Amino acid sequence: MDLLISAEAVLAAVETAALGGAAGEMGRRAAEGLVRLRRRERRDGSGDDGGGPPVTAEEMRRVADALRAHARTHPDYARDLLAWVRETEWSRTEPGGRAVPRMLPPASGVFTDRDQVLGTLVGLLDERDAGLSEPALVVVVNGQGGIGKTATAVHCGHRLKDRFPDGQLYVRMGGASAETAARPAEALAVVLADLGVPADRIPADPGRQENLYRDLTSGRRMLVLLDDAHSEAQVRPLIPAAPGSLVIVTSRYRLGALAGDPGARFVTLDPLAEADAVRLLERVAAAGGRRDGGQEGERVAAVARRCGRVPLALCETGALVAARTHLTWETVERRLAGPSGNPEDMDDRYGAEAVRRTHDLTYRELSPEAARLYRLLGIWPWPETGVGPAAKAAGTTEGAARVLLEELAGVHLLEEVGEERYRFHDLVREHAERRARAEDSHAELAAAVRRTVTWYLGFAAAADFRVMPGRWRLGPAYTGLVLPADRDPDDGRAALAGLRRERRNLAAAVRAAEEFGFDDLVWQLCEATWGLHLRLGFHDQWTDTHRRGVAAARRAEEFGDARAVGRMLAQLAFAHLGRGRWDEAEAALTEAAEADLAAGHLRGRATAVESLGLLRLRQWRWREAEECFVAAQGLLRQIAPGEDGEKDVPRGLALLEDHIGRALRGAGRHPEAVRTLHAALAMFRALTVPDLYNEGRVYMSLGETHLDAGDPAAARLCLDQALTVMDREGAELQHADAAEMRAFCAEGTEERVAFLRRAEELYERGGDATGTARVRAKLAGAGGE
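What counts, and at which threshold
- Think of each chain on its own: its residues are numbered from 1, step by step along the sequence as written.
- Reporting of local features is limited, given that this is a predicted model, to residues whose pLDDT is at least 70; pairs of side-chain atoms are given and counted only at 80 or more, and all residues count toward the totals for whole chains, interfaces and linings.
- Side-chain metrics rest on all non-hydrogen atoms present in the structure, leaving aside hydrogens and water.
- Angles run from 0 to 180 degrees between N-to-C directions of axes, and those axes are lines fitted to C-alpha atoms, restricted for helices to the stretch in contact.
- Counting from the N terminus, the helices are the DSSP runs of H or I reaching at least four residues and the strands are the DSSP runs of E reaching at least two.
- In these notes the angle categories are as follows: under 35 degrees is roughly parallel, over 145 is roughly antiparallel, 65 to 115 is roughly perpendicular, and the rest is oblique.
- Crossings are sorted by hand: turned counterclockwise from the far helix by less than a right angle, the near helix makes the crossing left-handed, and turned clockwise it makes it right-handed.
- By the convention used here, residues are in contact when the closest approach between their heavy atoms is within 4.5 Å.
- Polar here means any residue other than Ala, Val, Leu, Ile, Met, Phe, Trp, Tyr, Cys and Pro, which are nonpolar, and Asp, Glu, Lys and Arg, which are charged; Gly is therefore polar.
- When DSSP locates at least two bridges between a pair of strands, those strands are taken to pair.
- Only Phe, Tyr and Trp rings are paired, with Trp represented by its six-membered ring, and only when their centres lie within 6.5 Å; those with planes under 30 degrees apart are stacked, over 60 edge-to-face, the remainder tilted.
- Between buried and exposed lies partly exposed: a residue is buried under 20% and exposed over 50% of the maximum accessible area for its type, with that area taken using a 1.4 Å probe on protein chains only.

All right, on to the packing of helix α19 (residues 442-467) against helix α22 (residues 519-528) then. Orientation of α19 relative to α22, taken along the N-to-C sense of each, is 25°, at an axis distance of 9 Å. Of the possible angle classes, the one that applies to α19 and α22 is roughly parallel. Judged by the twist between their axes, the crossing of α19 over α22 is left-handed. Along the contact surface, α19 presents R450, V453, T454, Y456, L457, A460, A461 and D464, while α22 presents D520, L521, Q524, L525, E527 and A528. For the contact of α19 with α22, the residue count by class is 8 nonpolar, 2 polar and 4 charged.

What follows concerns the sheet that holds strand β8 (residues 421-423). Taken together, the 3 strands give an open sheet; going across it, the order is β6-β8-β7, and neighbouring strands pair in antiparallel fashion. In this open sheet, the two edge strands, each paired with only one partner strand, are β6 (385-386) and β7 (415-418).

Turning our eyes to something else, we now look at the packing of aromatic side chains. All chains considered together, the criterion is met by 9 aromatic pairs. Ring centres of Y363 and Y374 lie 5.6 Å apart, and the angle between their planes is 40°; on these two criteria the pair is classed as tilted. Of the two residues, Y363 sits in helix α14 (residues 352-364) while Y374 sits in helix α15 (residues 368-378), which places them 11 residues apart along the sequence. Y374 carries the same exposure label as Y363, and that label is buried. An aromatic cluster is defined as three or more aromatic residues linked by ring pairs; in this entry it consists of W382, W455, Y456 and F459.

Bringing the pairing of strand β3 (residues 223-227) into the picture now. Put simply, side chains in a regular strand alternate between the two faces of the sheet. The buried count for β3 comes to 5 of 5 residues, which makes it a mostly enclosed element. Residues L223, L225 and D227 of β3 are buried on one face, and the alternating residues V224 and L226, pointing to the opposite face, are buried as well. Here strand β2 (residues 168-172) pairs with β3 via 5 bridges, running parallel. Residue pairing in the sheet places Y170 in a bridge with L225 of β3. Bridge analysis of β3 against strand β4 (residues 246-251) gives 4 bridges, and the strand direction is parallel. Bridging from a neighbouring strand, L226 pairs with V249 of β4.

As structure tokens, then:
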């Protein structure tokens, strides 16, 4: 028979299933769908002996060809292959109909000059648009720190946004140094989320993230602003392939390699002309209520020259004059004077000395308390800060910290980037760090860093507990944490959003704790980000922080918690698993089991062996997976009353029973899988503290097993139970997934449409645009629209 599906589409689906091109539940279903199709080939006598999942490009192409060849002679198989390929396509892409991203930051109300940059951009766009056969236009805005690159790019972006009706994306690249620079995968995760891809559907593999980004931006006219890039390697993955788009990159580095590929154009910003510098200085002062600039024209011009005509210094000085009404322009000019008193000393091309003296002047005018907070915040390159960590750094109350932060923001030493969220310009932070090292002892600075890191640990542990309250965990940060009896159904989701918001600060806290020798805090922070990474990925950060966690736990092993080494290794293995690095994952899990054996930690050993079983599931090594899960159950049963992990044993045994059922289903041993999954259900129901969510997941596994075995009637009964449990738990996305599965085995079109509409409503309520669009497409095919 003729196939309605291309070889390329089948190959893409095989790649997605084999290499984790989709994340979360959809990725699991894609992989298990491929297993079922391959098993049917063998059952019909036309497949090979199976083995593990295809890994190399040649193996994946061979599997894709075999699927298509079998479909040509088996019509029922062809229909199922087509359905599976379409399902995996939905897991990889985000179709149209979503909101257009408008992510540009607000434009400055005092922006001055730079008309030539806007004119250059307009000219390049007009030239490019005349043909529209060119790739995306890339323009790099260069210049020293503080010269106004970001303000210029944002200003131009707002002026040009009508030319890009499909949206504007903005990414802060953190390029002040290689240490703070965002990795390409982190930046891609940000833009994919802004394009509407749910967090659990963002691929772990950077190459597949890039492919998804290009797919989502294909055929769209978009403006992409990459702010403060450190290297060409950061930029290239974020350039849309479609013509008609504009990418503006700001950087203090030349990024000259972009000239050849992708043919970037370059604009260099110099200090403002004196008239524009005076105008900016007066505007900032006037915005704060100081309006005597026009009467002090020559003095204001002298101050502008002392500021090197650099926008950062001009804005900071203007804000200081507005905030300190006793300061005359003459006094400001005198205090900014160089050693010789010659204005030319400050009027250099690069303005570095001018910026430094501006910071010195503003710093001297701070209250003692604000000056101290300024120094203590500047000692480490935090991506952002809020009231809580600032209060801990200074050892004061949140109310007092709020006032001090407002004082610093009022004179432009901090930039307010959100509600009670602040960040330093990197040049300002470097000044704060210099002042701290000159005025404060190392012990005082280390104590401030420890207080700040401890705040982040407390925050992360509390949020992680709300995201995954049932899991076992290490460290004193969790002591005393309880869930309220009237907990909001959306509390876990809100906690996960909070972890995501602080994600970069949590990574910075790990590095700070490592730098200052707080090994106990390093591994505890890693433990507290388990829910964040398990649910949302961010595998680059996950791998980096947990490698540090392993090293810290080993350093602290003799005098700290010996169990931490195995814990860190097991969590690092999951980061490798997410990237498809199976050999590295297996090595880490083997080390984890050995470390937990040495520490006498049965619960940790059980986790390491269980995790090795999950790896075997991914490798389609069903018998070995089952053996790992049975061995892990044996380890849990050895935990005596009163020993570490005792309270978690019943739940752990139930989860392992569910895993065994999945391994049996993968091996095609459906009757045994059904019996085992029913046993898992009984174990969950017997728990002292109910775990209805996982009980519902077992019902879903039973439904899938019955469908796989060709028993839709039994599948309907199990999925109906899953729907009831997930509805009671308020787990909207899992509820939607169960409803979609229930539609697959519905009796008749009317029932199928009813369940699809239920899934559509739940996906929409849960913010899953991909699921919503996928179900709507199924509704259209079922005659439901």
